[in-house]
Protein chains: 2
Amino acid sequence: MRNLLADLPDARGAECFETLLAGPGVRIERIVSRGQVTPEAAPFDQAHDEWVLLLAGAARLWLDGQGDVALAPGDCLSIPAGVRHRVTWTPEDRETVWLAVHFADH
Amino acid sequence: MRNLLADLPDARGAECFETLLAGPGVRIERIVSRGQVTPEAAPFDQAHDEWVLLLAGAARLWLDGQGDVALAPGDCLSIPAGVRHRVTWTPEDRETVWLAVHFADH
């Protein structure tokens, strides 16, 4: 057993991505951010559906068609395939921990 | 967007199960417990792999071959298909919130 909020990697230099579990059609990933944002010119644009849950910290996420949304721990949302999105803010003074579930085509 | 820790259902009478998302080969579920345990004579014994993450509260979980494990928020573990398991404790004075990911055959 492990704890997703303990012994966090040092994400000050770059976001830390870790696949926790992968099976047919699904991959569960933990992402640790610390101040990073997605470049405005390079939003994510994925061929697969994704579901994200904020476990700790805070974030703002921009979604094409929805605009900017603020995320607190416990907040979750679906990001359908093809919906451009980018992280527009994570705090620099503490870690933000995401759970991302990627469906198929990964 | 929704928050998995807010506006919790009243679980004092019975655990509350809610499917958040279902796709090919995977189903994501939130479970809210408040004092419930799995009857010793009727452990879960599933034909599919499961992954659980404790989001809030506390719990103890018994797994065949591993014994009793205590769970705190952020703790996660895999429960392979066929491994009997049961919840042996959740606190009665507050809600415990689980995220369960069920793989295939659901």
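For clarity, every value in this text was computed on a predicted model and none was experimentally measured.

Asker: Explain the overall build of chain A to me, please; I cannot follow it from the model alone.
Answerer: Looking only at helices and strands, chain A features zero helices and nine strands. Along the longest, intermediate and shortest principal axes, the C-alpha atoms of chain A span 35 × 30 × 25 Å. Burial status across chain A gives 46% buried among its 106 residues. Relative to all contacts within chain A whose residues are 6 or more apart in sequence, the contacts with residues 24 or more apart total 65%. Working note: accessible area of chain A is about 5000 Å², and carbon and sulfur atoms make up 50% of it. In chain A, which carries 9 positive and 16 negative side-chain charges, the distance between the mean positions of the two groups comes to 4 Å.

Asker: Hey, could you run me through the sheet that holds strand β9 (residues 96-103) of chain B in this one?
Answerer: By definition, the strands of a sheet pair up through backbone hydrogen bonds, in either a parallel or an antiparallel sense. Pairing in this open sheet of six strands is antiparallel, and the strands run β1(A)-β7(B)-β4(B)-β9(B)-β3(B)-β2(B) from one edge to the other. In this open sheet, the two edge strands, each paired with only one partner strand, are β1 (2-3) of chain A together with β2 (16-23) of chain B. Two strands pair when backbone bridges link them, and strand β4 (residues 50-56) of chain B and β9 of chain B are joined in this way by six bridges, in the antiparallel orientation. Paired with Glu50 of chain B across the bridge in β9 of chain B is His102 of chain B.

Asker: Quick question: what am I supposed to make of the packing of aromatic side chains here?
Answerer: The description of an aromatic ring pair rests on the distance of the ring centres and on the angle between the ring planes. Counted according to the given criterion, the structure contains zero aromatic pairs over all chains. Above the ring of Trp62 of chain A, the side-chain terminus of Arg86 of chain A is found at 4.9 Å from the ring centroid.

Asker: Help me out: how do you make sense of unusual backbone geometry in this one?
Answerer: Most peptide bonds adopt trans geometry, and most residues besides glycine take a negative phi value. For Asp7 of chain A, which is not glycine, the phi dihedral falls at a positive 50 degrees. For Asp7 of chain A, a relative accessible area of 79% translates into the label exposed.

Asker: Mind showing me how you'd approach the side chain of Arg27 of chain B here?
Answerer: All names here are of chain B. With respect to the helices and strands, the residue Arg27 is situated in strand β3 (residues 26-33). Arg27 gets classed as buried once you look at its relative accessible area, which sits at 19%. Separated by 3.0 Å, the side chains of Arg27 and Thr19 make a polar contact. Reaching out from Arg27, the side chain makes a polar contact with the side chain of Glu29 at a distance of 3.3 Å.

About the criteria used
- Residues numbered from 1 in each chain as written.
- Chains lettered and ligands numbered in written order.
- Predicted model: local features only at pLDDT ≥ 70, side-chain atom pairs only at ≥ 80, totals over all residues.
- Heavy atoms only, no water.
- Helix = DSSP H or I, 4+ residues; strand = E, 2+ residues; numbered from the N terminus.
- Buried < 20%, exposed > 50% of the residue type's maximum accessible area, 1.4 Å probe, protein only.
- Contact = heavy atoms within 4.5 Å.
- Areas by Shrake-Rupley, 256 points an atom, 1.4 Å probe, with all protein chains shown as cover.
- Lys, Arg positive; Asp, Glu negative; His and termini not counted.
- Charge placed at Lys NZ, Arg CZ, Asp CG, Glu CD.
- Pairing = 2+ DSSP bridges.
- Phe/Tyr/Trp six-rings, centres within 6.5 Å; stacked < 30°, edge-to-face > 60°.
- Lys NZ or Arg CZ within 6 Å of the ring centre and 35° of its normal.
- Polar contact = N/O pair within 3.5 Å; in protein donor to acceptor, adjacent residues only side chain to side chain.

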